[in-house]
Amino acid sequence: MRMLELRDLDAGYGDLQVLWSVSLDVEHGEIVSLLGSNGAGKTTILRAISGLIRPFKGKISFKGRDITQLPSHKRVELGLSLVPEGRQLFPMMTVIENLEMGAYTPRAKEKMSDSLEWVFTLFPVLKERKNQLAGTMSGGEQQMLAIARALMSRPELLALDEPSMGLAPKLVMEIFRTLQRMRDEGVTILLAEQNARAALEISEKAYIIETGRIVLHGPSRELIQMDEVRRAYLGI
Ligand code: ATP
């Protein structure tokens with residue numbers, strides 16, 4: 001089943017056009033990475049997908065339904081959630097309170113205790129720290145909490161904006177392995193990353209964006225072999 005489809009998306013801010021005719025497909029059960037350097041337009045794509053900005057032109061479909069004009073919270077109800085850049089936690093609230101905030105739709109509220117158990121299995125450290133204030137946790141723990149909070153809405157598609165940012169390589173691998181486990185448990189994943197190597201290693205497919213245009217896409221195992229990708233994104 002096709003989970004997400006972007007067709008010829010133009011988007012930006014005011015008069016500034018950032019995205020130029022972006023098309024992209026995510027199939028059910030995949031991890032798809034969206035790679036690009038700082039300012040390439042990854043965040044803008046995720047904002048358009050999650051409804052935080054309206055595209056100038058083009059179409060966004062989720063599970064076969066046109067969601068281009070749908071407000072953000074309706075997209076969350078349909079099963080599409082975002083882990084935003086910079087985590088956006090509530091620092092003065094505890095871990096458990098942050099998680100409860102993630103389960104705000106009626107469907108998610110019903111499954112709250114089940115969901116808590118699920119995210120504590122994925123991220124055991126959050127269970128140990130459930131009464132700690134989010135703002136006092138380490139960067140890695142905060143990233144785990146941001147992902148877990150998004151999972152509390154029981155998404156079918158989870159979009160993540162640079163979850164590796166500011167984290168040590170070992171932690172990045174730990175979090176990325178958990179993304180694979182989430183995928184195995186039925187959550188489809190769209191992963192925007194500057195860390196191309198780690199993202200290519202765990203994804204089935206990847207899209208590369210430069211100055212707002214998709215310049216290359218294909219199976220991750222093929223992209224990782226390409227000279228132009230190795231030179232520009234893997235530092236080889
Ligand atoms: P980063 O790694 O910095 O998040 P990115 O690939 O996610 O990079 P975007 O954040 O989508 O890139 O930015 C793409 C372009 O849009 C940049 O030129 C940026 O300056 C511009 N831009 C982003 N947000 C806004 C905004 N709110 N208002 C105006 N311009 C913006």
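As shown above, the structure is provided for reference.
Residues numbered from 1 in each chain as written. Predicted model: local features only at pLDDT ≥ 70, side-chain atom pairs only at ≥ 80, totals over all residues. Heavy atoms only, no water.

Considering the pairing of strand S3 (residues 31–35)
Among the five residues in S3, five count as buried, and that is most of the element. Burial along S3 is two-sided: Ile31, Ser33 and Leu35 and Val32 and Leu34, pointing in opposite directions, are all buried. Pairing of S3 with strand S8 (residues 188–193), which is carried by five bridges, proceeds in the parallel orientation. The partner of leucine 34 across the bridge, within S8, is alanine 192. Strand direction decides the pairing type here: S3 and strand S9 (residues 205–210), joined by four bridges, are parallel. Note that in S9 the partner of leucine 35 across the bridge is isoleucine 208. (Buried < 20%, exposed > 50% of the residue type's maximum accessible area, 1.4 Å probe, protein only. Helix = DSSP H or I, 4+ residues; strand = E, 2+ residues; numbered from the N terminus. Pairing = 2+ DSSP bridges.)

Here we look at the pattern of salt bridges
Taken as a whole, this structure holds 13 salt bridges when the rule is applied. A salt bridge links aspartate 25 to arginine 2; the nearest nitrogen and oxygen atoms lie 3.6 Å apart. Taken together, the residues aspartate 25 in strand S2 (residues 16–27) and arginine 2 in strand S1 (residues 2–13) connect sequence positions 23 residues apart. For arginine 2, a relative accessible area of 34% puts it in the partly exposed group. As a salt-bridge pair, aspartate 25 and arginine 7 come within 2.9 Å of each other at their nearest N and O atoms. Here aspartate 25 is found in strand S2, whereas its partner arginine 7 is found in strand S1, with 18 residues between them in sequence. Ionic contacts of the salt-bridge type, sharing partners, join the residues Arg2, Glu5, Arg7, Asp25 and Glu27 into one network. (Salt bridge = Lys/Arg side-chain N within 4 Å of Asp/Glu carboxyl O.)

Some remarks on helix H7 (residues 139–151)
Residue pairs three or four apart in sequence face the same way in an α-helix, which turns once every 3.6 residues. Counted at 1.5 Å a residue, the expected span for H7 with its 13 residues is 18 Å, and the 18 Å between its end C-alpha atoms agrees. A large share of H7 lies buried, amounting to 12 of its 13 residues. Where H7 is buried, its residues meet strand S6 (80–83), helix H3 (95–102), helix H5 (112–122), helix H6 (124–128), strand S7 (157–161) and helix H8 (169–184). (Expected span 1.5 Å × (residues − 1). Contact = heavy atoms within 4.5 Å.)

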